[in-house]
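Now for the letters of each chain:
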Amino acid sequence: MSAAQPETKDPRKAILTDVTKCIGCERCVEGCVRQNKLPTEISTRYRAADGLSGRRYTSIVRIPGKKKGTWSNVRRQCMHCLEPSCAAACLVGAFTKTPDGAVVYDDAKCIGCRYCMLACPFMIPRYEYDQKLPYVRKCKMNKECRVEGGLPACVAACPTQATVFGPREQLLKEARRRIAEKPDLYVNHIYGEHEFGGTSVIYIGDVPLYETLRVPTGEQFDRMRVSQLREESIPHLLHSWVLVTPFQFLTVSTGLAGLWFLRRRQKLMAERKAPPQGGPDPGTEG
Ligand code: SF4
Ligand code: SF4
Ligand code: SF4
């Protein structure tokens, strides 16, 4: 699967990561570091359990595998939501969803309020706390990432095609095909197909990935009384609740989002203090 494949009606590109094919070599991380000229050595002052940081836009998290005593490797990165909460929460429009699927960040616009970090349901954006002039950082998936062949550097570096790039519609079909072909191997779920309105980074695997990817289960959505978020984005839900004036929209959305974001903030703060999950530490400055 590559960018050279024929276009579908939907121009949005996506990344499909198949956890069953990942060997945990971290070449995707190295490819990203090279392409984005990130430091290879980073301090561990602000550790995050998932390895993402202001200097790591993708990471590999090890989780218990399907068989006892084995491990699975899960690549973490921005999910590039179809309707991103980070963009909706940003007061100055520093985040944009581009037509090709990437959610991009413009540091020239950013005022450092970090509402995007609170708004992201997947807890992705990180802050450069150790920099004198800090910015928010996350996976780009835009043209800056592309190497020869039109693939993002992380995808091009993967030796097993555990992570592939292409039109979102095609990748969804491919994910469905793999699950249907090996129902005993795969968990029957495509993470990111629908949750929070769908994402441009999707996953399949042989073990449940909800916790690792921060994707709530259907029951968790129901328990939080936001069942709509099983298929709707946060910005869409807030908008449909408040079909009134812009001022009322802003007031109510800030309040509702605040409840959701507060829970996320507490978890994020707890994570910064926590040691990383098992496996080699790829460098985890938060
Ligand atoms: S995963 Fe978070 S940071 Fe990435 S696009 Fe979605 S809301 Fe924004
Ligand atoms: S898409 Fe770009 S920024 Fe994101 S992990 Fe791959 S190389 Fe890094
Ligand atoms: S390069 Fe591929 S196989 Fe290696 S850790 Fe990354 S996704 Fe997994």
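These notes cover the structure that comes with them. Quick caveat, the model's predicted, so the values are computed rather than measured.

**Concerning the site of ligand 3**
Around ligand 3, the surrounding shell holds 13 residues, and the nearest of these are Cys 22, Cys 25, Glu 26, Cys 28 and Cys 158. Split by residue class, the shell around ligand 3 holds 8 nonpolar, 3 polar and 2 charged.

**Description of unusual backbone geometry**
One non-glycine residue with positive phi stands out, namely Phe 196, at about 50°. In this fold, Phe 196 is placed in the loop between α5 (168-181) and β9 (201-204). Unlike most non-glycine residues, Arg 225 shows phi in positive territory, near 60°. Turning to its location among the elements, Arg 225 is positioned in the loop between α7 (218-223) and α8 (234-241). When its relative accessible area of 72% is taken as the criterion, Arg 225 is described as exposed.

**Digging into the sheet that holds strand β8 (residues 163-167)**
Ordered in space as β8-β1-β9, the 3 strands form an open sheet in which the pairing is mixed. Looking at strand neighbours, the two that pair on one side only are β8 and β9, the edges of this open sheet. Taking the axes of each pair of neighbouring strands and ignoring which way they run, one obtains an average angle of 25° across the sheet. The pairing of strand β1 (residues 13-18) with β8 spans 5 bridges and is classified as antiparallel. Paired with Lys 13 across the two strands is Pro 167, which belongs to β8.

**Quick look at the nonpolar core**
One finds Phe 122, Tyr 203 and Leu 209 to be the most contacted residues of the largest nonpolar core, which totals 44 residues. The element that contributes the greatest number of residues to this core is helix α1 (residues 27-35), accounting for 4 residues. Counting 11 residues, the second largest nonpolar core, distinct from the first, contains Ala 14, Leu 171, Leu 172 and Tyr 186.

Thresholds, definitions, all that
Residues numbered from 1 in each chain as written. Chains lettered and ligands numbered in written order. Predicted model: local features only at pLDDT ≥ 70, side-chain atom pairs only at ≥ 80, totals over all residues. Heavy atoms only, no water. Near = heavy atom within 4 Å. Nonpolar A, V, L, I, M, F, W, Y, C, P; charged D, E, K, R; others polar. Helix = DSSP H or I, 4+ residues; strand = E, 2+ residues; numbered from the N terminus. Buried < 20%, exposed > 50% of the residue type's maximum accessible area, 1.4 Å probe, protein only. Pairing = 2+ DSSP bridges. Axes fitted to C-alpha atoms, helices over the stretch in contact; angles between N-to-C directions. Core = buried A, V, L, I, M, F, W, Y, C linked by side-chain atoms within 4.5 Å.

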